[in-house]
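Residue-level structural notes
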Amino acid sequence: MSSTETEFRDLQSAATSHRGDRVFNRTITGAAFTALVVLAGITVFLGLQAIPVLQTQGLDFLTTSIWSPPDYGIWGMLYGSVLLSVVALVIAVPASLLLSVFMVFLAPTWVAKVLTNLVDLMAAIPSVILGLWAFYILSPVSEEWQQLLNQYLGWIPFFQNESGNFSGTPFTAGFVLAIMMIPIVTSVTREVLGRTPPELINAAEALGCSLWTMLRYVALPYGRGGLIGGVMLGLGRALGETIAVFFVLKIVFDPVNYYNVIESGGGSVATLIVAKFGEASGPYETQLLLAAGFFLFMMTLLVNVIANLIVNRTGRLQK
Amino acid sequence: MSTTQVFDESRVASLAEQRPQAPWGTRTASFRTIVILAVFIPAAIVTGLWWYTDIAKPVLMVAGYLPLQLAAAIVAAVALRGKKSAFDAVIIVLAIGATVFSLVVLVSVLWSIVTKGLEAMSTAFLFQNNEYISPSTPLGYGGVGHAVVGTVVIVGISALIAVPLGVMTAIYITEVRGRAVPYVRFFVQAMSGVPSVVAGLFILTVLILSGALNQSAFAAGLAYAILMLPTVARTAEEVLRLVPEELRTGALALGSTRAKTVLRVVVPAAKTGIITAAILGVARVVGETAPLLLTALKNDKTVLNPFAEPISALPTYIFDNVAQPYPDAVIRAWGAALTLMIIVAILFTLTRLFSSRGPSK
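Residues numbered from 1 in each chain as written. Chains lettered and ligands numbered in written order. Predicted model: local features only at pLDDT ≥ 70, side-chain atom pairs only at ≥ 80, totals over all residues. Heavy atoms only, no water.

1. Here we look at the overall build of chain B
- Scanning chain B for helices and strands turns up 16 helices and 0 strands.
- Residue burial in chain B is summarised as follows: out of 361 residues, 48% are buried.
- For chain B, the accessible surface area stands at approximately 17400 Å², while carbon and sulfur atoms represent 68% of it.
- Chain B carries 26 positive and 17 negative side-chain charges, and their two centres are separated by 7 Å. (Helix = DSSP H or I, 4+ residues; strand = E, 2+ residues; numbered from the N terminus. Buried < 20%, exposed > 50% of the residue type's maximum accessible area, 1.4 Å probe, protein only. Areas by Shrake-Rupley, 256 points an atom, 1.4 Å probe, with all protein chains shown as cover. Lys, Arg positive; Asp, Glu negative; His and termini not counted. Charge placed at Lys NZ, Arg CZ, Asp CG, Glu CD.)

See the structure below:
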């Protein structure tokens, strides 16, 4: 070991052995683990409520769709959350990708700057306000769209509607979720596409690539991880969204609405919790809602962890 | 020509930093005419159909305007650049379409909030509370005063808890640099994905159902803090990273301890950034409704004691007034939405001001 290295070691140990520093280090380290404590706390305390529910209801709690005492099952809600997210993804992913392509490759710099600010502003709109807007402004318009969809494309199974009632549909709720997702996904995809190395773009252009070929063979493959991660971050948000969906979705347990997105009635775990909390008739129903919250938490945690692993692997956050 | 000119370093450097040339961006006079025609002709046809036929408007836009505009753009692109740019035209039309779509949604939301919210706005609405007010009471009486106070109290409590913890988490990652840094970052990221309703349920089960707390501003503040902490920590981390390494080594070389270096040099250097992080955290939670429905309930009175009783805030006030059969209640909801949006807009502007003024960026 060289002498400078030893000297450095000595200095370092001298520095950390300073009493103020030790106290400081411990305080900061303790605070840094708040996130872990909270996550563990949520898992443990909501999990503790889920155990008795699973004991009394059995696995039927997860596989049946019913909410009438004494039988409870949230399958329809779990499935509904996924269905809403799929509708939201179908709308939001192309829109966000195209929006970020416009901002990164097509728009003049000042337009891109203004758009970035507007997208951030869109992300800042509270979900309760979007819900209010969706209830009074979007819903009537959306009903008209859905009638037309049913009229012209009713032969596609997704656009069947037998009740003639187009309010409270998964389509409208998914549309609101899409509006919430667009700014979240766009802010990631814009950054990812903006990081395509100029050398690669120049090379593609020197080989005679058009914009489309450049996107298809350079920008999209280069940013693939980040793009997928961004979409999944948005998905995590959509799965956990409560209030905006509450105003525009009619919650139905049975029958489960599997794919008729423009048929009235659907489900969402997060919305179920808020909808049933006010009328919960006793500690047992509250416990059921806590258990539902536990499974919602597990679902979003899984999506979010995968999303972050993908995003981190592509180095977006390691600046 | 001497060799020094060939290897002119500034030229080499400028080549290295050269921005992509974007050949699809070059323009000529005929280019402009053709593009203008390609934009104008479909628009004119569709405007004609819009006024003189009764085709349903959404159908006209999706089945009429979109294909027409795509066709026109493809024809123009092929005429200007040859066959291989046909797909570029599709991308450009769709990209502009997606941008316009997002802007229409944003404008629709903001426009409806402002126009409908202004119907409710008055000094009485901003300062009075909801006591003795029923949904059918005319607009001149009652307001969101208590809800504004509630929002400020709840958000203030959560900021008092989450901002120090968030900044300390960031300091751990960038300054203390312990062995657990990757894990801490991972947990903070995972925490940012906790749905707001789950944060509310957590506080409900641990503190309220166990009898430790009432449904109150403090309980709601704790739920908000769970949502606020990751935002503060992640922003503060990025800001602390921007503090030049020389400041740290310089302070250490002058004999400062690690703790003093962080507290007296690094944190003050990143002050504006840390304020931005706090504001972003506040903006993240200020409109959250679900945790309040579980942990704060509602109250028509103005409540200042954060422990004593349930409390209303702007989001819960909106929630209570939406879908009421009374038009005045609905207008109150829009008024509260405008009040909330103004608060959000102020926070939004503050972050822009701080981030453009500070040493960051």
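2. So, the overall build of chain A
- The number of helices and strands found in chain A is 14 helices and 2 strands.
- Expected size for 319 residues packed as a compact globule is a radius of gyration near 20 Å; at 25 Å, chain A overshoots this value by more than 25%.
- Structurally, chain A occupies a C-alpha span of about 85 × 60 × 30 Å along its principal axes.
- Expressed as a percentage of the 319 residues in chain A, the buried residues total 55%.
- The contacts of chain A with a sequence gap of at least 6 include a subset with a gap of at least 24, amounting to 76%.
- A total of about 13900 Å² of accessible surface is found on chain A, and carbon and sulfur atoms cover 64% of it. (Rg over C-alpha atoms; globule rule 2.2 N^0.38 Å. Contact = heavy atoms within 4.5 Å.)

3. Some details on the interface of chain B and chain A
- Chain B puts 91 residues into the contact, and the matching count from chain A is 88 residues.
- For the pair chain B and chain A, the summed buried area comes to about 7900 Å², and 79% of that belongs to carbon and sulfur atoms.
- At the junction of chain B with chain A, the criterion picks out 1 salt bridge.
- A salt bridge links D120(A) to R352(B); its shortest N-O distance comes to 3.2 Å.
- Put simply, chain B and chain A have 10 residue pairs in polar contact (both at pLDDT 80 or more) between them.
- With 20 residues, helix α5 (residues 86-120) of chain B is the largest single contributor of residues to the side of chain B that touches chain A. (Buried area = accessible area lost by both parts, 1.4 Å probe. Salt bridge = Lys/Arg side-chain N within 4 Å of Asp/Glu carboxyl O. Polar contact = N/O pair within 3.5 Å; in protein donor to acceptor, adjacent residues only side chain to side chain.)

4. Some details on the pattern of salt bridges
Residue and element names in this part refer to chain B.
- Within this structure, the stated rule accounts for 11 salt bridges over all chains.
- A salt bridge links R248 to E175; the shortest N-O distance between them is 2.7 Å. Here R248 is found in helix α11 (residues 245-253), whereas its partner E175 is found in helix α7 (residues 145-176), with 73 residues between them in sequence.
- Of the charged contacts in the structure, one is a salt bridge between K298 and D320, with a shortest N-O distance of 3.7 Å. Linking K298 in the loop between α14 (290-295) and α15 (314-321) with D320 in helix α15, this pair joins segments that are 22 residues apart in sequence.
- On the accessibility criterion, D320 (25% relative accessible area) is partly exposed.
- A single network of salt bridges, built from pairs that share partners, joins E175, R177, E245 and R248.

5. Brief notes about the nonpolar core
- In terms of nonpolar packing, the biggest core is built from 167 residues, with F61(A), I74(A), I129(A), V197(B), M228(B) and I318(B) touching the most fellow members.
- Among the elements that make up this core, the one with the highest residue count is helix α10 (residues 217-241) of chain B (16 residues).
- With residues up to four places along the chain from it excluded, the contact list for V197(B) reads G240(A), T242(A), A270(A), I273(A), V274(A), L296(A), A290(B) and L294(B).
- Of all hydrophobic cores here, the second largest spans 21 residues; its members include L227(A), L239(A), V303(A) and I310(A). (Core = buried A, V, L, I, M, F, W, Y, C linked by side-chain atoms within 4.5 Å.)

6. What about the domain arrangement of chain A?
All names here are of chain A.
- Parsing chain A into structural domains produces domain 1 (1-57) and domain 2 (61-318).
- Relative placement of domain 1 and domain 2: their C-alpha centres are 35 Å apart.
- Across the boundary between the two partners, domain 1 contributes 12 residues, which contact 15 residues of domain 2.
- Between domain 1 and domain 2, a total of about 1100 Å² is buried, with carbon and sulfur atoms accounting for 74% of that surface. (Domains from an automatic or database assignment.)

7. Some words on the domain arrangement of chain B
Residues and elements named next belong to chain B.
- Structurally, chain B comprises domain 1 (26-117) and domain 2 (145-355).
- Listed by partner, the interface residues are 6 residues for domain 1 and 6 residues for domain 2.
- Taken together, the two surfaces of domain 1 and domain 2 that pack against each other cover about 530 Å², and 84% of this comes from carbon and sulfur.
- Summed over the three residues of domain 1 that lose the most area to domain 2, namely I113, K116 and G117, the buried surface amounts to 77% of that side.
- Put simply, domain 1 and domain 2 have 0 salt bridges between them.
- Applying the counting criterion to the domain 1 and domain 2 interface returns 0 residue pairs in polar contact (both at pLDDT 80 or more).
- Partitioned by chemical class, the residues of the side of domain 1 that touches domain 2 number 3 nonpolar, 2 polar and 1 charged. (Nonpolar A, V, L, I, M, F, W, Y, C, P; charged D, E, K, R; others polar.)

8. Examining the packing of aromatic side chains
- Enumeration according to the criterion identifies 22 aromatic pairs over all chains in this entry.
- Summarising the aromatic geometry, the rings of F246(A) and F247(A) are spaced 5.7 Å apart at their centres and angled 75° between planes, so their arrangement reads as edge-to-face.
- Look at F246(A) and you get partly exposed, because its relative accessible area is 26%.
- Residue F247(A) is classed as buried on the basis of its relative accessible area of 10%.
- Through a chain of ring-to-ring contacts, the aromatic side chains of F135(A), Y136(A), F246(A), F247(A), F319(B) and W334(B) assemble into a single cluster.
- In this arrangement the basic side chain of K57(B) is found over the ring face of W50(B), its NZ or CZ atom lying 5.2 Å from the centre. (Phe/Tyr/Trp six-rings, centres within 6.5 Å; stacked < 30°, edge-to-face > 60°. Lys NZ or Arg CZ within 6 Å of the ring centre and 35° of its normal.)

9. Notes on the side chain of T261(B)
Residue and element names in this part refer to chain B.
- Mapping T261 onto the fold places it in helix α12 (residues 258-269).
- Its relative accessible area of 4% is what places T261 among the buried residues.
- Looking at T261, its side chain comes within polar contact range of the side chain of S256, at 3.0 Å.
- A polar atom in the side chain of T261 sits 2.6 Å from the backbone oxygen of T257.
- Beyond its immediate sequence surroundings of up to four residues, T261 is in contact with R248, A251, L252, S256 and V266.

10. Things to note about the packing of helix α3 (residues 34-57) of chain A against helix α14 (residues 283-313) of chain A
All names here are of chain A.
- Taken N-terminus to C-terminus, the directions of α3 and α14 make an angle of 125°; their axes are 8 Å apart at the nearest point. By the criterion of interaxial angle, the relationship of α3 to α14 is oblique. Helix-helix and strand crossings are classified by hand; for α3 and α14 the assignment is left-handed. Residue-level inspection shows L39, I42, T43, L46, G47, Q49, A50, P52, V53, L54, T56 and Q57 of α3 in contact with α14, the latter providing Y284, Q287, L288, L290, A291, G293, F294, F295, F297, M298 and L301. (Axes fitted to C-alpha atoms, helices over the stretch in contact; angles between N-to-C directions. Parallel < 35°, antiparallel > 145°, perpendicular 65-115°, else oblique. Left-handed = near helix turned anticlockwise from the far one by under 90°.)

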